[in-house]
Amino acid sequence: MKNIFFLITAVMIAFSSWSQKIPKKPKKATTTTKKDVTKKKKVLVGIDISEYQDDKIDWTKVKKDKHKVDFIILRSTMGDDRDDDKFRQRIGKVRAAGFIAGAYHYYDPNELSAAQAANYIRRVKLQRGDFIPIVDIEVLSKIQSNKKLLTGLKNWLNVVKKHFGVKPMIYTSYDFYKAHLKKDFSGYPLWVAAYSIKKKGTKIVKNCEILQFTEKVKIDGITNPVDGDKMQRSKLKNLLLKK
């Protein structure tokens, strides 16, 4: 019996020594791209900025910020003949850094809608994968009725839709949308500013495409606080230019 025990022990030691010498296959290296990360996230995070933010933004630091920013929307134009001083240089850098880019027009309620649409079309060259065109309307006119203002807004939307081939998105505050836009503009994609807990629980906010939830998010690479936005990833596909 002792001989059998020693024999079994010797075989087990020999097998253990042999198995340790077998080279293990190296693990296949994997890389995670910005696109992969975006696909995995259910909620996408963004910021919107204008010329009032820093002259020099470190986009590399913005990309590495703890908030994991996915998209950046820039103010591009204002009224019938003005443009954001930093838009042209920034949008290229935003795209190059791997963010989803967007461009919004500030709608001046006291200027002609056709000229404002022409201003946006002339200065903004959107690309495939960018956000659809966006118009920002927040205040009433001092020189025309509310009815004429909204007629002008519809004209801007129609002209821009014809040019880009897609229905634009409207940015506004919760209160302005509820009071002036909800009835006639509910068919447009909505980016709404709503900061209170009460407003965030409403149907308007729950059904919107993008929610601007704060004006005071701190992002590494940008000195001053900026507007913070978020959206459901499931809604992204319908907000991007296809061509």
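## What about the environment of His67?
Here is step 1 of the chain: Its location among the elements puts His67 in the loop between α3 (59-64) and β2 (71-78).
Here is step 2 of the chain: Between the C-alpha atom of His67 and that of Leu44, which follows or precedes it by 23 residues, the distance is 9.9 Å.
Here is step 3 of the chain: With residues up to four places along the chain from it excluded, the contact list for His67 reads Val45, Val217, Lys218 and Ile219.

## Some words on the packing of helix α5 (residues 113-123) against helix α6 (residues 146-164)
Helix-helix packing: each pair is described by the crossing angle between the helix axes and the interaxial distance.
Here is step 1 of the chain: Axis separation between α5 and α6 bottoms out at 8 Å; the angle between their running directions is 35°. Classified by chirality, the crossing of α6 by α5 is right-handed. Two secondary-structure elements touch here, α5 through Ser113, Ala114, Gln116, Ala117, Tyr120 and Ile121 and α6 through Gly152, Asn155, Trp156, Val159, Val160, His163 and Phe164.
Here is step 2 of the chain: Of the residues contributing to the contact of α5 with α6, the split by class is eight nonpolar, five polar and no charged.

## What to know about the packing of α6 against helix α7 (residues 174-185)
Here is step 1 of the chain: Closest axis-to-axis distance for the α6/α7 pair is 12 Å, and the angle between their directions is 50°. One element, α6, and the other, α7, form an angle in the oblique class. In this structure, α6 crosses over α7, and the sense of that crossing is right-handed. Each of Asn146, Leu150, Leu153, Lys154 and Leu157 in α6 lies in contact with α7, whose residues at this interface are His180, Leu181, Asp184 and Phe185.
Here is step 2 of the chain: When the residues that make up the contact of α6 with α7 are grouped by side-chain class, the tally is five nonpolar, two polar and two charged.

## What to know about the pairing of strand β7 (residues 190-193)
Here is step 1 of the chain: Alternating positions in β7 separate into two faces, Leu190 and Val192 on one and Trp191 and Ala193 on the other, with burial throughout.
Here is step 2 of the chain: The pairing of strand β6 (residues 169-173) with β7 spans four bridges and is parallel. Looking at the pairing, Thr172 lines up with Val192 of β7.
Here is step 3 of the chain: For the crossover that starts at β6, traverses α7 and ends in the parallel β7, the hand is right-handed.

## As for helix α4 (residues 87-96)
Here is step 1 of the chain: Those residues of α4 not exposed but buried are Phe87, Arg90, Ile91 and Val94. Across the axial projection of α4, the buried residues extend over an arc of 100°, all falling on one side. Of the exposed residues in α4, those oriented more than 90 degrees away from the buried face are Arg88 and Ala96.
Here is step 2 of the chain: In this structure, the buried side of α4 is in contact with β1 (43-49), α3, β2, β4 (100-106) and α5.
Here is step 3 of the chain: Once α4 finishes, Gly98 follows within two positions and takes phi at roughly 95°, a positive value.

Conventions used here
- Residues numbered from 1 in each chain as written.
- Predicted model: local features only at pLDDT ≥ 70, side-chain atom pairs only at ≥ 80, totals over all residues.
- Heavy atoms only, no water.
- Helix = DSSP H or I, 4+ residues; strand = E, 2+ residues; numbered from the N terminus.
- Contact = heavy atoms within 4.5 Å.
- Axes fitted to C-alpha atoms, helices over the stretch in contact; angles between N-to-C directions.
- Left-handed = near helix turned anticlockwise from the far one by under 90°.
- Nonpolar A, V, L, I, M, F, W, Y, C, P; charged D, E, K, R; others polar.
- Parallel < 35°, antiparallel > 145°, perpendicular 65-115°, else oblique.
- Buried < 20%, exposed > 50% of the residue type's maximum accessible area, 1.4 Å probe, protein only.
- Pairing = 2+ DSSP bridges.
- Right-handed = clockwise from strand over helix to strand, strands pointing away.
- Arc of directions from axis to C-beta.

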